[in-house]
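# Results of the structural survey
Here's the letter readout for the chains.
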Amino acid sequence: MSAFSCPHNGMLPSGGGCRRLSQRMLDISGDRGVLKDVIREGAGDLVTPDASVLVKYSGYLEHMDKPFDSNCFRKTPRLMKLGEDITLWGMELGLLSMRRGELARFLFRPNYAYGTLGCPPLIPPNATVLFEIELLDFLDSAESDKFCALSAEQQDEFPLQKVLKVAATEREFGNYLFRQNRFYNAKVRYKRALQLLHRRTAPLDEQHLVEAAKLLVLLNLSFAYLKLDRPIMALRYGEQALLIDQKNAKALFRCGQACLLMTEYQKARDFLVRAQKEQPFNHDINNELKKLASYYRDYVDKEKEMCHRMFAPCGDGTTVGEN
């Protein structure tokens, strides 16, 4: 049985079977309107009320062998914010009881699901529904949003750890957006994180924490701009990363990629050779060097062909370019 195939052949049991199922489930709403059965335990903190969640789910009705609603067939589920994107009150309560990696089964009574009217034609009136939900991850942006809304002077009143935490949250949101191929939106989040870190001055003994956080964001920004086909900006952020760590193989690699896109072959080679020196067996770096060699050969061949055409003899005995 797969992680999201419902028990009893994938449908909500009827009659006594439903009652037996509900009897061994935990009441998390206080009125038995939302019942829970943990299939696999999660770890870490509980979902926070203002979080954005990454979940896989399937919803079943009585006598249905297929889910009436599921996102399990999507390659990358959509990030959903509690209080905005989730319409079932029962699902919201259920998620607030979950931890990362947890897989659970929930029964939602009508007043926590689709109510007395249902949702025709799929959901009949007064329907009890069963959902299986896996919490892949969650991000709490409430703290970050509130902090970023403050003035610079107000932000400076908070300890450095607060700034680092908010910047890390922004970067994590950027990473999620990047994985969804939403590179522009990811870039906006990364820049927001970088702005926070640039603006903050730290004591000498804590400066390394700020620099380490900056390095991660700069590498992500460089990669995002490569994906946006803006190699000049990708190079700029890659070089800023190298100011923090001049031997960082990833930064050298990103700079090499950017220079290759700009057809600056010598600069590309310099960066990639330095990256290879740091990580000799890195598959991506070695492949990029092969790509560079191929592009450079094509470039030289075209240059030779152009020169040959310029100085090829004409019919009157002169060469192209002679007066």
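Residues numbered from 1 in each chain as written. Predicted model: local features only at pLDDT ≥ 70, side-chain atom pairs only at ≥ 80, totals over all residues. Heavy atoms only, no water.

- As recorded in an unreviewed UniProt entry, the protein chain goes by peptidylprolyl isomerase and comes from Microcebus murinus.
- Note on the protein chain: under the UniProt heading Sequence similarities (unreviewed entry), the record states "Belongs to the FKBP6 family." (UniProt positions renumbered as here; feature names shortened; annotations may be inferred.)

## What about the overall build of the protein chain?
- Secondary structure assignment for the protein chain yields 12 helices and nine strands.
- In the protein chain, which comprises 323 residues, the share counted as buried stands at 44%.
- A fraction of 65% describes how many contacts in the protein chain between residues 6 or more apart in sequence connect residues 24 or more apart.
- When the accessible surface of the protein chain is split by element, carbon and sulfur atoms take 52% of a total near 18,000 Å². (Helix = DSSP H or I, 4+ residues; strand = E, 2+ residues; numbered from the N terminus. Buried < 20%, exposed > 50% of the residue type's maximum accessible area, 1.4 Å probe, protein only. Contact = heavy atoms within 4.5 Å. Areas by Shrake-Rupley, 256 points an atom, 1.4 Å probe, with all protein chains shown as cover.)

## Observations regarding helix 11 (residues 265-278)
- Over its 14 residues, helix 11 extends 20 Å from the first C-alpha to the last, a length consistent with the 20 Å expected when each residue adds 1.5 Å.
- Every buried residue belonging to helix 11 is among Tyr265, Ala268, Phe271, Leu272 and Ala275, and all of these are buried. Buried residues of helix 11, seen end-on, are gathered within an arc of 130° and therefore sit on one face of the element. Of the residues in helix 11, the exposed ones pointing more than 90 degrees away from the buried face are Gln266 and Lys277. (Expected span 1.5 Å × (residues − 1). Arc of directions from axis to C-beta.)

## Concerning the side chain of Asn71
- One can find Asn71 in the loop between strand 5 (69-70) and strand 6 (80-81).
- Judged by its relative accessible area of 3%, Asn71 falls in the buried class.
- Within the structure, Asn71 has its side chain in polar contact with the backbone oxygen of Val55 (distance 2.9 Å).
- Ignoring any residue separated from it by four or fewer positions in sequence, one finds Asn71 in contact with Val55, Lys56, Tyr57 and Pro77. (Polar contact = N/O pair within 3.5 Å; in protein donor to acceptor, adjacent residues only side chain to side chain.)

## Examining the pattern of salt bridges
- Throughout the structure, instances matching the rule amount to 11 salt bridges.
- A salt bridge links Arg192 to Glu170, with the shortest nitrogen-to-oxygen separation between them at 3.5 Å. Highlighted residues: Arg192 in helix 7 (residues 183-199) and Glu170 in helix 6 (residues 160-179), separated in sequence by 22 residues. (Salt bridge = Lys/Arg side-chain N within 4 Å of Asp/Glu carboxyl O.)

## Some words on unusual backbone geometry
- Here the bond from Pro120 into Pro121 is cis, since omega is 0°, no more than 30 degrees from zero.
- Along the chain, the position of Pro121 falls in the loop between strand 8 (103-108) and strand 9 (129-140).
- Despite not being glycine, Asn126 shows a phi value in the positive range, around 55°.
- With respect to the helices and strands, Asn126 occurs in the loop between strand 8 and strand 9.
- Residue Thr263 is not a glycine yet carries a positive backbone phi of 55°.
- Looking at where Thr263 falls in the secondary structure, it is placed in the loop between helix 10 (249-261) and helix 11.

## As for the state of the cysteines
- Applying the stated criterion across every chain yields a total of zero disulfides.
- The thiol of Cys255 is unpaired, and the distance to the nearest cysteine sulfur, on Cys259, comes to 6.7 Å. (Disulfide = S-S within 2.5 Å.)

## Description of helix 10
- The end-to-end C-alpha separation of helix 10 is 18 Å, in line with the 18 Å expected for 13 residues at 1.5 Å each.
- Counting buried positions over the 13 residues of helix 10 gives 11, a clear majority of the element.
- Taken residue by residue, helix 10 has Ala249, Ala251, Leu252, Phe253, Arg254, Cys255, Gly256, Gln257, Ala258, Cys259 and Leu260 as its buried positions.
- Of the residues trailing helix 10, Thr263 is marked for its positive phi of about 55°.

## Description of the packing of helix 10 against helix 11
- As a packed pair, helix 10 and helix 11 sit with axes 8 Å apart at the nearest point and diverge in direction by 160°. Viewed along their axes, helix 10 and helix 11 adopt a mutual orientation that is roughly antiparallel. Both helix 10 and helix 11 take part in a crossing whose hand is left-handed. Contacts between helix 10 and helix 11 involve Ala249, Leu252, Phe253, Cys255, Gly256, Cys259 and Leu260 from the first element and Tyr265, Lys267, Ala268, Phe271, Leu272, Arg274, Ala275 and Glu278 from the second.
- When the residues that make up the contact of helix 10 with helix 11 are grouped by side-chain class, the tally is 11 nonpolar, one polar and three charged. (Axes fitted to C-alpha atoms, helices over the stretch in contact; angles between N-to-C directions. Parallel < 35°, antiparallel > 145°, perpendicular 65-115°, else oblique. Left-handed = near helix turned anticlockwise from the far one by under 90°. Nonpolar A, V, L, I, M, F, W, Y, C, P; charged D, E, K, R; others polar.)

## Concerning the packing of helix 6 against helix 7
- Between helix 6 and helix 7, the shortest axis-to-axis distance is 8 Å and the interhelical angle comes to 170°. Comparing their axes, helix 7 and helix 6 come out roughly antiparallel. For the pair helix 6 and helix 7, the sense of crossing is left-handed. Of the residues in helix 7, those touching helix 6 at Val163, Leu164, Val166, Ala167, Glu170, Arg171, Phe173, Gly174, Asn175, Leu177 and Phe178 are Phe183, Asn185, Ala186, Arg189, Tyr190, Arg192, Ala193, Leu196 and Leu197.
- Each residue belonging to the contact of helix 6 with helix 7 can be placed in one class, and the counts come to 13 nonpolar, three polar and four charged.

## Regarding the pairing of strand 8
- The buried fraction of strand 8 is high, at six of six residues.
- As judged from the six bridges shared by strand 8 and strand 9, these two strands associate in the antiparallel manner. Residue pairing across strands places Phe106 opposite Phe131, the latter belonging to strand 9. (Pairing = 2+ DSSP bridges.)

## Some points on the packing of aromatic side chains
- Within this structure, the stated rule accounts for nine aromatic pairs.
- Seen from their ring centres, Phe178 and Phe183 are 4.9 Å apart, and the 65° between their planes marks the pair as edge-to-face.
- The exposure class of Phe178 is buried, given its relative accessible area of 15%.
- Look at Phe183 and you get buried, because its relative accessible area is 14%. (Phe/Tyr/Trp six-rings, centres within 6.5 Å; stacked < 30°, edge-to-face > 60°.)

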